[in-house]
Structures are given as structure tokens and as C-alpha cells.
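# An overview of the molecular structure
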Amino acid sequence: MMNSQPNTIEELMQRANDMAGVTLGDVAMEHNTPVPANLKRDKGWIGQLIEMELGATAGSKPQQDFLHLGVELKTIPIDHNGRPIETTYVTVAPLTNIQGLTWEQSVVCHKLSQVLWIPVEGDRSIPVGERRIGSPVLWRPNANEAHALQQDWEEIMELITMGKVDKVTARHGEVLQLRPKAANSKALTESIAEDGTVKLSNPRGFYLKINFTHQILTNAFN
DNA sequence: GAATGATCATTC
DNA sequence: GAATGATCATTC
């Protein structure tokens, strides 16, 4: 069961605000969806449940969840202090055909231009169905945040362009990092070699670091 | 394999 | 306890 697409940001925010304080179990019941005992084999379950509730366009397209509203949806697990428990996946990193690609043209920039954050209790000691949804945060990066993101993105993409993708670790970047994003460490995709030819590497994704998303949530509630 | 949704689990 | 590298389910 899927709610209809919201027509305006106001409508989207009203739905998001209506979820605040509600448990995942309550939302799941509305959608006749069984609640998993844990997320080991259902890592995307919460995200997909919230998509149903808010009427996000289901699909695997590399674009914002609410394209007509210019909004990307992200659920984010938080601990009892409101600090994010996990980094936030943004998108797959392009490893080929990237000559001339600018920050402004990048999928990272587009997806992060406006994000609706839905905090959800993520402590593993709380049964999934009893975890409560928090107050939503509609965020647009301010000048400092946009600059930090662009800096990291440009530094990482430069290394990829130079054929050094396999030398980039999660330690690169202040707010944005590159990490594996694949079924497992054996998965391969084309990338650029140091001599400019094509080679194979483990697919990577861009992730937002915890300190960055924590600041976003903190700024919104203070 | 590639894209979505992410969290798990081992290592620091 | 936090962060990095590894992994899971699903769709096409």
C-alpha cells in the first residue's frame, strides 16, 4: 500500500510532522507490512516504509525522491542523544566518463540541494517496531556546508580522475567520504587506471559523515 | 552489474 | 565506542 504523491512541500511536511512520535510498528500496520525482527537482512526497510507513508515515487532512478518538489528523502538512525548512528549514503560515485564533470553538474550536488531528514530511533536494543520516528528536518545546505561538500567532492573526484580510486579511503574528506557500495568486495565496475586506460574496481558510493549530519540536526532543533 | 533503500561487523 | 570496509534485499 502506497500513499499518493504530495503535491506541495507544505503537504509533504504536514505528513512528515504527522509521523513524529509514531512508532515504526504503527506505520507498518497502516500499510499491512510485517515488521522484521532486526534489520540484518532488511537494511532498507525503514527507508522504504517511510517512502510509502510519505508517498515518495518508488523506483531506482538516480534522482531525488520527490523530483517535482526538488526534495530528497533520507531516514537517519539516531541514538538516545539525537546523534546519528550511521553515515548517510548519498549516491553511487561515477568512476568513468568524468572528464569535465563539475560539482554543480554532479548527482551529489543535486541530491543534497534539498533533503527531508527523518530521524528514527536506531538503538539496536529497541525492537524495530517500537522505534519512534522523530520530527522532520527540511534542510538546504548553507554557504559553509555547500563549500565543504564541494571541496571534498572535488578532491575525491580529482583522485578518481587520476586513476587513484583504489587509494581513496574513508579518511579522505571532512564531511563527504567515499566508501565501498556493492554486494560485496568482489563486485567490480570499470574505473580509470593511472595510465588513463580502463581497469576494474570495487564500486564506491558517497556518504555523509556523522559529524556533518549531526550538525544539521542540531542546527534545526536549536 | 547498477541503482535504490541502507545497516552490519570487524577493526581501530 | 567510533569509524572504516563489507555486506544484504530488491528491481530491472
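Residues numbered from 1 in each chain as written. Chains lettered and ligands numbered in written order. Predicted model: local features only at pLDDT ≥ 70, side-chain atom pairs only at ≥ 80, totals over all residues. Heavy atoms only, no water.

Cut-off, in case you're wondering: UniProt positions are given in the numbering used here, feature names are shortened, and annotations may be inferred rather than shown by experiment.
Looking at an unreviewed UniProt entry, chain A carries the name DNA mismatch repair protein MutH, with the source organism given as Shewanella electrodiphila. Heading Function (unreviewed entry) of the UniProt record for chain A holds this comment: "Sequence-specific endonuclease that cleaves unmethylated GATC sequences. It is involved in DNA mismatch repair." Note on chain A: under the UniProt heading Sequence similarities (unreviewed entry), the record states "Belongs to the MutH family."

## As for the pattern of salt bridges
Here is the rule we go by: The rule for a salt bridge is simple: a side-chain nitrogen of Lys or Arg has to be within 4 Å of a carboxyl oxygen of Asp or Glu. Counting from the N terminus, the helices are DSSP H or I runs at least four residues long and the strands are E runs at least two residues long.
Applying the stated criterion to the full structure yields six salt bridges. For Arg132, the salt bridge is made with Glu121, and the minimal N-O distance between the two is 2.8 Å. Here Arg132 is found in the loop between strand 3 (115-121) and strand 4 (137-139), whereas its partner Glu121 is found in strand 3, with eleven residues between them in sequence. Where salt bridges share partners, they join Asp166, Lys199 and Arg204 into one cluster.

## Section: the sheet that holds strand 8 (residues 204-208)
Working definition: the strands of a sheet are paired by backbone hydrogen bonds and lie parallel or antiparallel to each other. The condition that has to hold: Should DSSP find at least two bridges between two strands, the strands are taken to pair. Note on method: axes are straight lines fitted to C-alpha atoms, helices fitted across the in-contact stretch only, with angles between N-to-C directions ranging 0 to 180 degrees. For this analysis, residues touch if any pair of their heavy atoms sits within 4.5 Å.
Taken together, three strands build an open sheet; the order of strands is 2-8-5 and the sheet is antiparallel. At either end of the open sheet lies a strand with only one pairing partner, and these are strand 2 (88-92) and strand 5 (176-180). Each neighbouring strand pair of the sheet contributes to a mean axis angle of 35°, computed without reference to strand direction. Across the face of the sheet, helix 5 (residues 143-161) comes into contact with strand 5 and strand 8 while running at roughly 40° to strand 5.

## Regarding the protein's contact with DNA strand B
Selection rule: Definition of nearness: a residue and a molecule or strand are near each other if at least one heavy atom of the residue lies within 4 Å of the molecule or strand. Distance and chemistry together define a polar contact, namely a pair of N or O atoms within 3.5 Å, with one atom able to donate a hydrogen and the other to accept it when in protein, and with adjacent residues in sequence counting only for side-chain atoms on both sides. Charged residues are taken to be Asp, Glu, Lys and Arg, nonpolar residues to be Ala, Val, Leu, Ile, Met, Phe, Trp, Tyr, Cys and Pro, and polar residues to be all remaining types, Gly included.
Taken together, 28 residues are adjacent to DNA strand B, and Thr75, Lys111, Lys181, Thr189 and Tyr207 come closest. Within the contact set of DNA strand B, a phosphate oxygen lies 2.7 Å away from a side-chain nitrogen or oxygen of Thr75. At the level of secondary structure, the elements contributing two or more residues to the surface near DNA strand B comprise helix 3 (45-54), strand 1 (72-78) and strand 2. Looking at the surface near DNA strand B residue by residue, the class counts come to seven nonpolar, nine polar and twelve charged.

## A few points about the environment of Leu200
Note the threshold: Here's how the labels work: a residue is buried when its accessible area is under 20% of the maximum for its type, exposed when over 50%, partly exposed in between, all with a 1.4 Å probe on protein chains only.
Relative to the helices and strands, Leu200 resides in strand 7 (residues 198-201). We classify Leu200 as exposed; its relative accessible area is 52%. Spatially, the C-alpha atom of Leu200 lies 9.9 Å from that of Asp166, the residues being 34 residues apart in sequence. Apart from residues no more than four positions distant in its own chain, Leu200 is found in contact with Leu188, Thr189, Glu190 and Ser191.

## What to know about the layout of surface pockets
For clarity, the threshold we go by: A 1.4 Å probe that fits but cannot get out identifies a cavity on a 1 Å grid over protein atoms alone, an open set with protein on both sides within 12 Å along at least five of seven lines counts as a pocket, and a residue lines either if it has an atom within 4 Å of a point. Grid points are joined across faces, edges and corners, and a volume is the space filled by probe spheres set on the points.
As a volume, the largest pocket reaches approximately 1700 Å³. Lining of the largest pocket is provided by 45 residues; of these, Lys43, Gly44, Gly47, Thr75 and Tyr89 occupy positions nearest its centre. Sorting the residues of the lining of the largest pocket by element identifies helix 3, strand 1 and strand 2 as the ones contributing at least two each. Looking at the lining of the largest pocket residue by residue, the classes come out as 18 nonpolar, 14 polar and 13 charged.

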